[in-house]
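Close look at the chain arrangement
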Amino acid sequence: MSADDPFEAIKQTFFLECEELLTDLEASVTALTFGDGDGETINAAFRAIHSIKGGAGAFGLEELVRFAHVFETYMDELRSGRKTCDDIAIRAMLHASDVLADHVSYARGLIPSMDEERSQTVANELRALMDDGGPVVAATAPEPNPVEDPIEAEFDFKPVMFDFGDDAEAPEALPPEAWVISFKPHKRLYETGNEPALLLRELARLGPCQVTLDTSELASLAELAEPAACLSWSIVLDAPVEMEAITEIFEFVEGECDLVILPKSDPLADVTDSSADEVDIAALLAAATAPAPAAPAADEVDIQALLAMATAPIAPAPVAAAPAPATSAPATNSAKAAAPAGNAPTAAAGGQASIRVDLDRIDKLINVVGELVIQQAMLAQSVAECGIAASSTVKVGLEDLEQLSREIQDSVMAIRAQPVKSVFQRMPRLVREVADMTGKSVRLITEGESTEVDKTVVDRLAEPITHMIRNAIDHGLEDVEGRAAAGKPKEGIIRLAALHRSGRIVIEVSDDGRGINRERVRKIAVDRGLIAADANLSNEETDNLIFLPGFSTADTVSDISGRGVGMDVVRRSIQQLGGRISIASTPGKGSVFTMSLPLTLAVLDGMVVRAGGQTLLSPLSSIIESFTPKEGDLHRIGARDWVIRFRDRFLPLIDTGRVLGFSKPDSPEITGRDGIAIVVENEGGSQVALWVDDIQGQRQVVIKSLETNYRKVDGISAATILGDGRVALILDIDALVVLGRQQANQSEFKIAS
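Throughout what follows, the structure given in this document is the object of discussion. (Residues numbered from 1 in each chain as written. Predicted model: local features only at pLDDT ≥ 70, side-chain atom pairs only at ≥ 80, totals over all residues. Heavy atoms only, no water.)

Let's talk about the overall build of the chain
Selection rule: Only DSSP runs of H or I reaching four residues or more are called helices, and only runs of E reaching two or more are called strands; each is numbered from the N terminus. In these tables, accessible area is a Shrake-Rupley quantity obtained with a 1.4 Å probe, and a residue counts as shielded only by the protein chains included in the view.
Within the chain, the secondary structure is distributed over 24 helices and 23 strands. By element, 52% of the accessible surface of the chain is carried by carbon and sulfur atoms, the whole surface being about 40200 Å².

Details of a negative patch on the surface
Condition: Put simply, a patch holds well-exposed residues, over 30% relative accessible area, that have no salt bridge, with like charges counted together within 9 Å and Val, Leu, Ile, Met, Phe, Trp or Tyr side chains within 5 Å. Salt bridge, as used here, is a side-chain nitrogen of Lys or Arg placed within 4 Å of a carboxyl oxygen of Asp or Glu. Positive charges come from Lys and Arg alone, negative charges from Asp and Glu alone, with His and the N- and C-terminal ends not counted. Here the site of a charge means NZ on Lys, CZ on Arg, CG on Asp, or CD on Glu.
On the surface, E63, D115, E116 and E117 cluster together to form a negatively charged patch. Note on placement: E117 falls in helix 5 (residues 116-131).

Some details on helix 19 (residues 518-527)
How we decide: Summary of the burial criterion: residues with accessible area below 20% of their type's maximum are buried, those above 50% are exposed, and those between are partly exposed, where the area comes from a 1.4 Å probe applied to protein chains only. The directions considered for the arc run from the helix axis to the C-beta atoms. Any two residues having at least one pair of non-hydrogen atoms within 4.5 Å are treated as being in contact.
Within the sequence span of helix 19, burial applies to R518, V521, I524 and A525. The buried residues of helix 19 occupy one face: seen down the axis, they fall within an arc of 130 degrees. Of the exposed residues in helix 19, the ones pointing more than 90 degrees away from its buried face are E519, K523 and D527. Where the residues of helix 19 are buried, they touch helix 20 (539-543) and strand 11 (580-586). One or two residues past the end of helix 19 sits G529, with phi positive at roughly 70 degrees.

Observations concerning the sheet that holds strand 15 (residues 623-627)
Note the threshold: Here, any two strands with at least 2 DSSP bridges between them count as paired. Here an angle of 0 to 180 degrees is reported between the N-to-C directions of two axes, which are lines fitted to C-alpha atoms, with helices fitted over the stretch in contact.
Read across the open sheet, the 6 strands follow the order 15-19-20-18-17-16; overall the sheet is mixed. Edge strands, defined here as strands with exactly one partner in the open sheet, are strand 15 and strand 16 (634-637). When the angles between neighbouring strand axes are averaged without regard to direction, this sheet yields 35 degrees.

Regarding the packing of helix 15 (residues 427-438) against helix 17 (residues 462-476)
Note the cut-off: The labels follow the angle: roughly parallel below 35 degrees, roughly antiparallel above 145, roughly perpendicular from 65 to 115, and oblique for the rest. Each crossing gets its handedness from the near helix: less than a right angle anticlockwise from the far helix is left-handed, clockwise is right-handed. As a working rule, the residues Ala, Val, Leu, Ile, Met, Phe, Trp, Tyr, Cys and Pro are called nonpolar, Asp, Glu, Lys and Arg charged, and the rest polar, with Gly in that last group.
The interhelical angle for the contact between helix 15 and helix 17, taken along N-to-C directions, is 30 degrees, at an axis separation of 10 Å. Put simply, helix 15 runs roughly parallel to helix 17. Every pair of crossing elements has a handedness; the one defined by helix 15 and helix 17 is right-handed. Side by side, helix 15 and helix 17 meet where M427, L430, V431, V434 and T438 of the first sit next to A462, I465, T466, I469, R470, I473 and D474 of the second. In terms of residue class, the contact of helix 15 with helix 17 is made up of 8 nonpolar, 2 polar and 2 charged.

Topic: the sheet that holds strand 14 (residues 614-619)
The strand order 21-13-14-23-22 describes an open sheet built from 5 strands, whose pairing is mixed. Each end of this open sheet is capped by a strand with a single partner; those strands are strand 21 (694-702) and strand 22 (716-721). Strand after strand, the sheet turns through a mean of 35 degrees between neighbouring axes, direction not considered. By the bridge criterion, 6 bridges tie strand 13 (residues 603-611) to strand 14 in an arrangement that is antiparallel. Following the sheet pairing, V609 is matched in strand 14 by L616. Here helix 12 (residues 359-385) sits on the sheet and contacts strand 21 and strand 22; the angle it forms with strand 21, its principal contact strand, is near 145 degrees.

With respect to the nonpolar core
Short version of the rule: The nonpolar core is taken to be a set of buried Ala, Val, Leu, Ile, Met, Phe, Trp, Tyr and Cys residues, with the residues joined through side-chain atoms within 4.5 Å.
Counting 45 residues, the largest nonpolar core has I465, I469, L496, I507 and I546 as the members making the most contacts within it. In terms of residue count, the dominant contributor to this core is helix 17 (6 residues). Not counting the four nearest positions on each side in its chain, I507 is found in contact with F424, L461, I465, L496, A497, A498, F593, T594 and M595. F59, A68, M75 and A92 belong to the second-largest nonpolar core, a separate cluster that totals 41 residues.

Notes on the pattern of salt bridges
Counting across every chain of the model gives 23 salt bridges. Salt-bridge contacts for E77 lead to R82; the nearest nitrogen and oxygen are separated by 3.1 Å. Overall, E77 belongs to the buried group, its relative accessible area being 15%. Here D512 and R483 are joined by a salt bridge, their closest N and O atoms 2.9 Å apart. Remark: R483 occurs in helix 18 (residues 480-485) and D512 occurs in the loop between strand 10 (504-511) and helix 19; sequence separation between them is 29 residues. D512 gets classed as partly exposed once you look at its relative accessible area, which sits at 21%. Judged by its relative accessible area of 1%, R483 is buried. When salt bridges with common partners are traced through the structure, they connect E62, R201, E202 and R205 into a single cluster.

Quick word on unusual backbone geometry
Even without a glycine there, the phi angle at R647 is positive, about 55 degrees. Along the chain, the position of R647 falls in the loop between strand 17 (641-645) and strand 18 (650-655). By relative accessible area, which is 57% here, R647 ends up exposed. Its identity is not glycine, yet D648 carries a phi of approximately 65 degrees, on the positive side. Residue position: D648 is located in the loop between strand 17 and strand 18.

Considering the pairing of strand 17
Both strand 16 and strand 17 contribute to a ladder of 4 bridges, which runs antiparallel. When the bridges of strand 17 are listed, R636 appears paired with W642. Sheet analysis places strand 17 next to strand 18, joined by 4 bridges and oriented antiparallel. Following the sheet pairing, R645 is matched in strand 18 by F650. Connecting the antiparallel pair strand 17 and strand 18 is a turn made up of 4 residues, with R647 showing a positive phi of about 55 degrees.

What to know about the packing of aromatic side chains
Counted only if it meets this: To pair, rings of Phe, Tyr and Trp, with the six-membered ring standing in for Trp, must have centres within 6.5 Å; the planes then decide the type, stacked if under 30 degrees apart, edge-to-face if over 60, and tilted in the middle. Any Lys NZ or Arg CZ that is within 6 Å of a ring centre and within 35 degrees of that ring's normal is treated as a charge sitting over the ring.
Enumeration over the complete set of coordinates arrives at 6 aromatic pairs. Centre to centre, the rings of F14 and F15 are 5.5 Å apart; their planes meet at 45 degrees, and the pair counts as tilted. With respect to burial, F14 and F15 carry one shared label: buried. Seen from their ring centres, F14 and F59 are 5.4 Å apart, and the 35 degrees between their planes marks the pair as tilted. In this pair, F14 sits in helix 1 (residues 6-33) while F59 sits in the loop between helix 2 (39-58) and helix 3 (62-79), placing the two residues 45 residues apart along the sequence. Classification of F59 by relative accessible area gives buried; the value is 12%. Three or more aromatic residues joined by ring pairs form one cluster here, namely F14, F15 and F59. In this structure, R79 is placed above the aromatic ring of F46, and the distance from its NZ or CZ to the ring centre is 3.8 Å.

Okay, structure coming up:
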């Protein structure tokens, strides 16, 4: 089927809807896992499964429908209170949600095959839980046959016995032999992509059906302005089934149709109608799925053409999420409370209207905005070189253009911004599984789930956070005995937090475990040849050894860790995003892993400076102040370390051009040349001063990956194109500080030698 097919477009919209429904299901099960859920949480999970099942049925995804039906039935048992939502039930829900997600992925073509054995195993597990735990009926001895009364025998009379005891049970009512169903769709039913023919097909699976189409409200083809809800059906279902089996078919369109279900024996169940035409189910299905034939004359009525028109969706819309099925009464109109078809809302009540847009389109828009920013900067540079007065019309127009460019850029960035909640919601499940595997008691605390960041960053956060949490549980937290010996609570705490700091997003993963055993880390690194035996390392450098490739403190290889990968993967993933990771560990109290990432990978506000003859750009979010030092403000400490006086205190001073290797070896020291000090703040909150030759101004620039187009450069995070066409390197403040310290240490080591 081609991608331009409207039916295929609706199907893809359904799969996008499934992504949200599966996320909601995962969130509901997670809430139940940690005891934060209630009856409404179970209802939310039920509705998500039911919506997936209903949409899958509309597209003929039989395998998905079968499994979702079992899962949905089990959730119905939980929400009705017939089954208890205990640990066993939650574990079954976790397994079932995984299999349901696999079914959706397989139907979508994202995975090559479906593990049918696993699907059947989980389905059988759900059925076993539904069959188990029912009321136990005590066995009673059979009553002896009563002595026959001679009067009863003579007159063939049997008295009717009544038992008015409290424990008397009413005889089980048998379902009627047949049902009469009246079904009239609203316009909203068609707008949401549903088809009456598919509902009638499901009814036919319950037993023989006699379907009658009522066309009394149908106008002639010449008078039809648009597809309208003017058809209705009367169905006689000749099968002794429970009414719940019928209402279940129409649950997905509840509120979008008029529905009456009556036993055939009911006097009100009269389906005779002189204006109705009897419809064969097979012909109806063929008409609903076949292309519409050519329109007949205005005074003719072509049933097949009318069916094709009435059942075609008005617009490709996502399949609506059905509410929880209503408790049934024998003759209930399930749509009484629904608004009239003409007043059906086009968006959720009280909610904001939204549309789905392919990410590729957003990326193209961002690229165009980036080029707009560059062109605006080039135009401003050309006008400045021409010496046009600031009050001129051209200058004023350029200022307006710059403001509009920034507003466009901010709007596009807002479109791409997403909360990290989508990543955080996956972690409680991970914590539970790893805790079960390690036999530890762990509780996860999340903070800052609403913190927004660029979607590109969000999509790539899951892997490093997963590794860090697994590592924290496996290596950081003590077991139950170890925590008791250390005087800690039995339950270990893993804290996952997100916050904005200095124009970047910071993700913290902390634990209250044993902290990093630096002696053991050092010994393992020496034994594996990762460092020299006589290496003199600080506590910070020792902690960072765990990021080396091949390093592992696990004694044995397990499903959790021990293969020498994990933390190395974390650092490389963070670095690819233009971020960095740091560790703060206190032995006996725990560790904090901090990931610092850019809010966006597209644009940046920065200060253009010159150092060592090169044009550089310092992120504006890191700059505190810039000033020209006075005589006596600069002081040397040791061989190459410099400090500068700043507001009655001294800050480390880094010669930017020399540290990056731009300055010539014979260039004069800082005190021998003019320059400007820029005070910046790193991720740890400490301040340093960067020495540059001069400041050329402030710019909003488009970020270009240096590592992708060239290679990684220490102290440089990315590159950009300035208004005059020159390439400027963007400084990585934290990496620049570390690089300066390393060069100073090497210099001192050479002098000492």
